[in-house]
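# A look at the structure
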Amino acid sequence: ADYDALAHIPDHRTRVYAAMLRALDRGVGEVLGALRDNGLERNTIVIFTSDNGGANYVGIPGLNRPFRGWKMTFFEGGIRVPLFLKWPARLRRGSLDARPAHHVDVFTTAAAAAGAPLPDDRPVDGIDLIARGDQRGGGDRTLFWRSGHYQAVRSGRWKLQVSARPEKVRLY
C-alpha cells in the first residue's frame, strides 16, 4: 500500500525506499499515539536514531547528499545520522543540541533518565545527552569508531581515518 501510494515516484528503487520511510513514519506515529492515548507521553523518553547512513547498495544516487560516503564507511554519510529525543516532562520542545553525540550516549542518557547509577567497575564512555541542555555550538568532544581494520577519530573540527585494506590515511 505504501508503494502504491507513491506512484508519482517513477524510479522503482527510490519508490521502494520512500515506501519504507513512509511505513517507518507510520510506525513511529503509532508508538507515539499509544503513549499519548495511555497517558504515558509526558513521562516517557523516546529516543529515535539510526545505526548508520544510507546504504550504497540500494543504488540511489545522492542518497546521503550532501555528505560523502554511506553505510560501513566513517565518512559523514556513514556516521552522521538522526538522533531525536522526546520527553515532554524534561525536554523543551524544539530544543537543539548541535554538538556531536554518539550511540554510546544512549545508555548513559537512559540510565540518568531512570535514576540508575552507572557501573563503577568499568569506564563508561557515554554522556547524558539530556543534561547537556540546549546548545547550538560545535564542541571539542573526541569520538572514535572502529570496524576491523578501519578506524576513525574525530576531535573538534578534525577527523582522521586510518585503513589497513586498502592502506590509506585521511585527515580532514
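Before reading further, recall that the structure is shown in the block above.
Residues numbered from 1 in each chain as written. Predicted model: local features only at pLDDT ≥ 70, side-chain atom pairs only at ≥ 80, totals over all residues. Heavy atoms only, no water.

## Comments concerning the nonpolar core
- In this structure, Phe74, Phe75, Ile79, Leu143, Trp145, Tyr150 and Ala152 together form the largest nonpolar core, which totals seven residues.
- Listing elements by their share of this core, those giving two or more residues are β3 (142–147) and β4 (150–155).
- Leaving out residues up to four positions away in the same chain, Phe74 has contacts with Ile79, Trp145, Arg146, Ser147, Tyr150, Gln151, Ala152, Lys159 and Gln161. (Core = buried A, V, L, I, M, F, W, Y, C linked by side-chain atoms within 4.5 Å. Buried < 20%, exposed > 50% of the residue type's maximum accessible area, 1.4 Å probe, protein only. Helix = DSSP H or I, 4+ residues; strand = E, 2+ residues; numbered from the N terminus. Contact = heavy atoms within 4.5 Å.)

## Focus: a nonpolar patch on the surface
- A contiguous nonpolar surface patch, about 500 Å² in accessible area, is contributed by Trp158, Leu160, Val162, Val169 and Leu171.
- Counting only elements with at least two residues in the nonpolar patch, the list comes to β5 (158–164) and β6 (167–171).
- Take the nonpolar patch: its biggest share by element is three residues, from β5.
- With respect to the helices, strands and loops of the structure, Val169 is situated in strand β6.
- Judged by relative accessible area, which is 61%, Val169 ranks as exposed. (Patch = residues over 30% accessible without salt bridge, like charges linked within 9 Å, V, L, I, M, F, W, Y side chains within 5 Å. Areas by Shrake-Rupley, 256 points an atom, 1.4 Å probe, with all protein chains shown as cover. Salt bridge = Lys/Arg side-chain N within 4 Å of Asp/Glu carboxyl O.)

## Quick word on helix α1 (residues 12–37)
- The end-to-end C-alpha distance of α1, which contains 26 residues, comes to 37 Å, matching closely the 38 Å that a straight helix rising 1.5 Å per residue would cover.
- As for α1, its buried residues are in contact with β1 (46–49).
- Phi for Gly39, located one or two positions after α1, is positive at around 70°. (Expected span 1.5 Å × (residues − 1).)

## Some words on the side chain of Glu76
- Within the secondary structure layout, Glu76 lies in helix α2 (residues 76–79).
- In this structure, Glu76 is in contact with Phe67, Arg68, Arg154 and Lys159, ignoring residues within four places of it in sequence.

## Notes on the side chain of Asn52
- Along the chain, the position of Asn52 falls in the loop between β1 and α2.
- Residues in contact with Asn52, not counting those within four places in the same chain, are Lys71, Gly78 and Val81.

## Quick word on the pairing of β5
- Residues Lys159, Gln161 and Ser163 of β5 are buried on one face, while the alternating residues Trp158, Leu160, Val162 and Ala164, pointing to the opposite face, are not.
- Taking the residues that link successive antiparallel strands as the turn, the β4-β5 hairpin has two residues, and the phi of Gly156 there is positive, at about 60°.
- As defined by bridge partners, β5 adjoins β6 across five bridges and the pair is classed as antiparallel. Bridging from a neighbouring strand, Val162 pairs with Val169 of β6.
- Between β5 and β6, which pair antiparallel one after the other, the connecting turn spans two residues. (Pairing = 2+ DSSP bridges.)

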